[in-house]
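# Notes for the structure review
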Amino acid sequence: MSSSPLEKVWLAGANSGLFRSADGASYERVGAYEFRVTSILRKGGRLCVGVGSGAWEVRDDPDPWVQLHDETLTEVLDLARIPGDPGLVAASAYGVATGARDELGAVRWAWHSDHLSVNERFTNAVAVDPVDPHRWVVGTEAGVLVAEEGGCRWTYSSLMGVPVRAVRHALGAWWAGTDGRGIWTSPDGLSWRKAGYGLDDGTVFALTEGHGRILAGTLRGVVVGDGHGRWRNLGPRALIASVAAHPAQPDLWTAGAAPGGLWVTQNSGASWRQASNLPSTIEAISAPEGS
Amino acid sequence: MTRKEYDAELEARGRQFLEPVARSAASLWGAHAILAMGGDPQRVAEIIQARLGSRPAGPFGRVATGTFDVLAAMTLICRWGDLLPEPAHARVREALTRGILHRGNTENHWLMHYAGTLLATERWPDVEVWGNGLSREATRAEATRWILGMIDRTARLGHYEYDSTQYHPCHLLSMIALTDHARDPRLRALAGRMATLYVADMALEYFHGAWAGGHSREGYRQNTWTLVGASASLGFYYFGDAPFDPEVHRDEMACPAMTARFRPPPLLADLARDRSKPRVVKKTKAPRAIYRHADREARPVRKYTYLSPSFALGSTQVNLPGAPAGPIDLVSWDLSWAGPKHQATLVCGHPCLSPGRFSAFLSGLPQAIGRAVAAPKPYLQNPDRLFGASPYERMMQHESALLVLYRIPPEDPAPYVNLYLPKAVAWTEREGWVLGDAGAFYVGLRPVGDCRWQEIWEEGHLDGYLIRVEGRDVGLALEAEEARSVGTFDNFCEEMVSPRLDLSGWPEPGRVRFETLGGHELELIYDGPHRVDGTEIDYASWPLYEAPGVEAPPGAGRILFCLKGERLELDFEVDPSRPMLPMRVIG
């Protein structure tokens, strides 16, 4: 398989590295880095990954990846883009941090959630408010918190007391995937209500939007819905840790199982097939950019 | 002991160890022995080529290296670089400067990673861009910050990955390498003091070749062994006081310490071997990093170890924040004495099986992590497990007496505690007490709960009796005594079975009292105070170290050792007003 530029391909983050695919079905490794890739962030030609031991900016082979972490950032579970250089907010098992370059060009991380309690610090997911890049909706082991003023001010949302493993802004609203209490939605990230029905005690690990629908990775396969009606369960009944929808092909979705490999559907979930040449645990997927 | 006498001892024991290792060495650590014994440098070059890193297939494959190899290879270059042929230098240089260096996730991993990286940045200043895409200066600055921060934190809070029979050598070797080879004089001096403190940690609880007391990590299925891993080899080298055993004293990881310029002060060897009188050693260690499933932070660890001439009893206030957190290879207490493997340790534990004990300090998904961690290591979820912390365990100790209690909740699938007894002791049962005559000392233990005797055996790992103490509110009272203090074993048995244990407050309201042979009353209230003779033990007031001749006020970063007119002060130059390096690793 010939390699395509990184912005034009599907990317899958596995427990032993980053993989790319031109068609979403057949994959090859990106670089020789056998890290546990937990999150993939790309925009405007830049590609960053959060990994078990930190964060990296990915360069295409044969160039080496560039280290983005310092001696404080590790166990990164999600990345989101904010203004600046490197322009990242990192969600990690140790909390939320933002990076800035030092005089040697290395990224040094400032921590914004050290004052919170143990479960409030552990951050599974972070999403930046599309109208205020200094406002972040943060999914933690204790629930959803909102960080404002670049992490200087924290507010508890109404969705507390449950681990929140996915947060997303889509279809003009906020969405949260919980551990054991299904999918929730909010107009502002602070006030939450149950979204849809049929997933009341479900556990949700990933959320994305595809052509007006919300796709979620759950403990028992993919669910799809509009957030008002019943969630429809699709695909292999595996723990789905990541989901993605192709930006131009409405019926093309992928789901990463942990374990179970990566699954692809080209007919909105009516049938699925396993992608080849991938490890068995897939924790992150990124669809090709705006094609 | 004079410096000269001690150096002569080290030379002799080092040679005794290194000579056989040099003949068969196949690891990067063992390669030090080959060169120290005058072996062929080409053989070492071949070990480096074969062992250092792996290169994935494909056109862009780059050497990837783990933390152990980073440190081992770099110490070879620093210590023996003049002898090694150019291809060996080139291989290490490529791996360290251009390769992918995995940082790992434990404190020993990070220390070896940063120590090896720092030495590499100093060794090859002509490399402008490192394998991580950063400049050499940035890479060196990061390593320096973490190493100095870790030293400062350890001096103020106590060692994090404390007293690990398996991983303490990784810490010690890293500090020794920095002491011997780092270029920054301040870092070199501080690393030397920290290496000395690590040796002191071993010396304070050194017991006839073994490391007594609680351990943050004692490896997997090794806590019934008398002598464990490279720490046993290092103990033999630094302190002696145990016969050389080629079956035990052969861990190649110990070799760089024996070929280093760094040598600890003789006072520490004297301290390790001073068993003329029983003594109590108290230590404070850094809190466990539990980062989810918890309502509060873990509190500092407090260790208490009683060293008597013929036995040692050690226990730990692990101070975890509550279920399900339970570090997986922590060993909180044991009774140990000199004897063969499996035959001289007594220990019990609750085999907590919740996968939450993994996800409390690993970032994998709680729903998947149980199988993910235990699939390659099934013994971690073995119901007969004897190691690993339990969130339901509470204990107290005074001298040679111990009380341990468990309240195992209904949702836990293991409503029992595993108690390990060596077969080499002839056991007696009387009125619920299990009494053992170990020759020089006697031990009595009284399980709280119904007992079932079983056998436990796993080739190379376990061989003894497994006593299941069944029930959800269970525990153990234990006391050991030197034989010469109590006369015959029959006398000891008579004394122990007289009404000493008051269980009228157990399980409700949760209080047990135990009158010791020495006439003290221990009172343990589950999740409440621990009292000796009516006075509550104030663990929060414990210093960093407390033992005869040892002073270490909390937070001061200064530790003073005095023995027989000799004095050793370790001052880590801490500034209490400065923020500490955050702890971002497992230990």
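Residues numbered from 1 in each chain as written. Chains lettered and ligands numbered in written order. Predicted model: local features only at pLDDT ≥ 70, side-chain atom pairs only at ≥ 80, totals over all residues.

Right, let's get into the overall build of chain B. From N to C terminus, chain B includes 16 helices and 25 strands. Each principal axis of the C-alpha distribution contributes one length, and for chain B these read about 75 × 55 × 50 Å. Evaluated residue by residue, chain B yields a buried proportion of 56% over its 587 residues. Put simply, of all contacts in chain B between residues at least 6 apart along the chain, 69% involve residues at least 24 apart. (Helix = DSSP H or I, 4+ residues; strand = E, 2+ residues; numbered from the N terminus. Buried ≥ 20, exposed ≤ 12 C-beta atoms within 10 Å, placed from the backbone. Contact = placed C-beta atoms within 7 Å.)

Helix and strand content of chain A: 1 helix and 28 strands. For 291 residues, the compact-globule estimate of 2.2 N^0.38 gives 19 Å, and the C-alpha radius of gyration of chain A, at 18 Å, lies within 12% of that figure. Dimensions of chain A, computed from C-alpha atoms along their principal axes, come out at roughly 50 × 50 × 30 Å. With 291 residues in all, chain A has 59% of them scored as buried. Looking at chain A alone, contacts between residues at least 24 apart form 44% of all its contacts between residues at least 6 apart. (Rg over C-alpha atoms; globule rule 2.2 N^0.38 Å.)

On to the nonpolar core. Residue and element names in this part refer to chain B. If you look at the biggest cluster of nonpolar residues, it comprises 285 residues, and the most contacted ones within it are A73 and L403. The element contributing the most residues to this core is helix α9 (residues 185-204), with 11 residues. If we skip the residues at most four places from it in the chain, L403 touches M395, M396, A477, V512, F514, L522 and L524. (Core = buried A, V, L, I, M, F, W, Y, C linked by C-beta atoms within 7 Å.)

Attention now moves to the sheet that holds strand β10 (residues 95-101) of chain A. Residues and elements named next belong to chain A. Judged by pairing direction, the sheet is antiparallel, and its 4 strands sit side by side in the order β8-β9-β10-β11 without closing on themselves. Of all the strands in the sheet, just β8 (76-81) and β11 (107-111) have a single pairing partner and so form its edges. Sheet twist, expressed as the mean angle between neighbouring strand axes with direction ignored, is 30 degrees. Pairing of β10 with β11 involves 5 bridges; the strand directions are antiparallel. (Pairing = 2+ DSSP bridges. Axes fitted to C-alpha atoms, helices over the stretch in contact; angles between N-to-C directions.)

Let us look at the domain arrangement of chain B. All names here are of chain B. Domain boundaries assigned for chain B yield domain 1 (3-273) and domain 2 (302-544). Facing 19 residues of domain 1, the contacting portion of domain 2 comprises 32 residues. For the side of domain 1 that touches domain 2, the per-class residue count stands at 5 nonpolar, 10 polar and 4 charged. (Domains from an automatic or database assignment. Nonpolar A, V, L, I, M, F, W, Y, C, P; charged D, E, K, R; others polar.)

Residue and element names in this part refer to chain B. Most of helix α12 (residues 266-273) is tucked away: 6 of the 8 residues are buried. Where α12 is concerned, the buried positions are P266, L267, L268, A269, L271 and A272. The elements touched by buried residues of α12 are α1 (3-24), α9, β3 (206-207), α10 (229-239), β24 (558-563) and β25 (566-571).

A few words on the interface of chain A and chain B. The partner chain B presents 35 residues to the 36 residues of chain A that form the contact. Elements represented by at least two residues in the side of chain A that touches chain B include exactly β7 (66-67) and α1 (118-121) of chain A. Counting residues per element, the side of chain A that touches chain B draws most heavily on α1(A), at 3 residues. Of the residues that constitute the side of chain A that touches chain B, the class distribution is 18 nonpolar, 10 polar and 8 charged.

Another point: the sheet that holds strand β25 (residues 253-257) of chain A. Residues and elements named next belong to chain A. Read across the sheet, 4 strands follow the order β24-β25-β26-β27 without closing on themselves; strand pairing throughout is antiparallel. Two strands close off the open sheet at either side, each with one partner strand: β24 (240-245) and β27 (273-274). Sheet topology note: the β24/β25 ladder contains 5 bridges and is antiparallel. The partner of A245 across the bridge, within β25, is W253.

Residues and elements named next belong to chain B. Relative to each other, α9 and α10 sit at 90 degrees, their axes nearing to 11 Å. Between α9 and α10, the angle is such that the two are roughly perpendicular. Judged by residue contacts, V199, M202 and A203 of α9 engage S231, L234, G235, Y238 and F239 from α10. (Parallel < 35°, antiparallel > 145°, perpendicular 65-115°, else oblique.)

Turning next to the packing of helix α7 (residues 136-157) of chain B against α9(B). Residues and elements named next belong to chain B. Following both chains from N to C, one finds α7 and α9 inclined at 40 degrees, their axes separated by 11 Å at the closest point. As judged from the angle between their axes, α7 and α9 are oblique. As α7 runs across α9, the sense of the crossing is left-handed. Mapping the contact onto sequence places T144, I147, L148, I151 and T154 in α7 and L187, L190 and M194 in α9. Counted by class, the contact of α7 with α9 contains 6 nonpolar, 2 polar and no charged residues. (Left-handed = near helix turned anticlockwise from the far one by under 90°.)

Residues and elements named next belong to chain A. Counting buried residues in strand β21 (residues 213-218) gives 5 out of 6 residues, a clear majority hidden from the surface. Where β21 lies against strand β22 (residues 221-225), 5 bridges are found, and the strand directions are antiparallel. Within β22, the position partnered with A216 by the bridge is V223. Between β21 and β22, which pair antiparallel and follow one another directly, the connecting turn spans 2 residues.

This part takes up unusual backbone geometry. In most cases, non-glycine residues show a negative phi, while peptide bonds are predominantly trans. For the peptide bond that leads from W506(B) to P507(B), omega is 5 degrees, which places it in the cis range. Relative to the elements of secondary structure, P507(B) occurs in the loop between β17 (501-502) and β18 (511-515). In the segment running from E508(B) into P509(B), the intervening peptide bond is cis, with an omega of 5 degrees. Counting through the fold element by element, P509(B) comes out in the loop between β17 and β18. A positive phi angle, close to 55 degrees, is found at E149(A), a residue other than glycine. Here E149(A) lies in the loop between β14 (143-148) and β15 (153-160). Within the chain, D241(B) stands out as a residue other than glycine whose phi angle is a positive 60 degrees. Mapped onto the elements, D241(B) comes out in the loop between α10 and α11 (255-258).

The next point concerns the pairing of β14(A). In the case of a regular strand, side chains alternate between the two sheet surfaces. All names here are of chain A. As paired elements, strand β13 (residues 132-140) and β14 share 5 bridges and run antiparallel to each other. Note on β14: the bridge partner recorded for T140 is G143. In textbook terms, the turn of a hairpin is the stretch between consecutive antiparallel strands, and for β13 and β14 this stretch comprises 2 residues. Sheet topology places β14 next to β15; 5 bridges connect them, and they run antiparallel. Bridging across to β15, L145 finds its partner in Y156. Counting the residues between successive antiparallel strands, the hairpin from β14 to β15 contains 4 residues, one of them, E149, with a positive phi of roughly 55 degrees.

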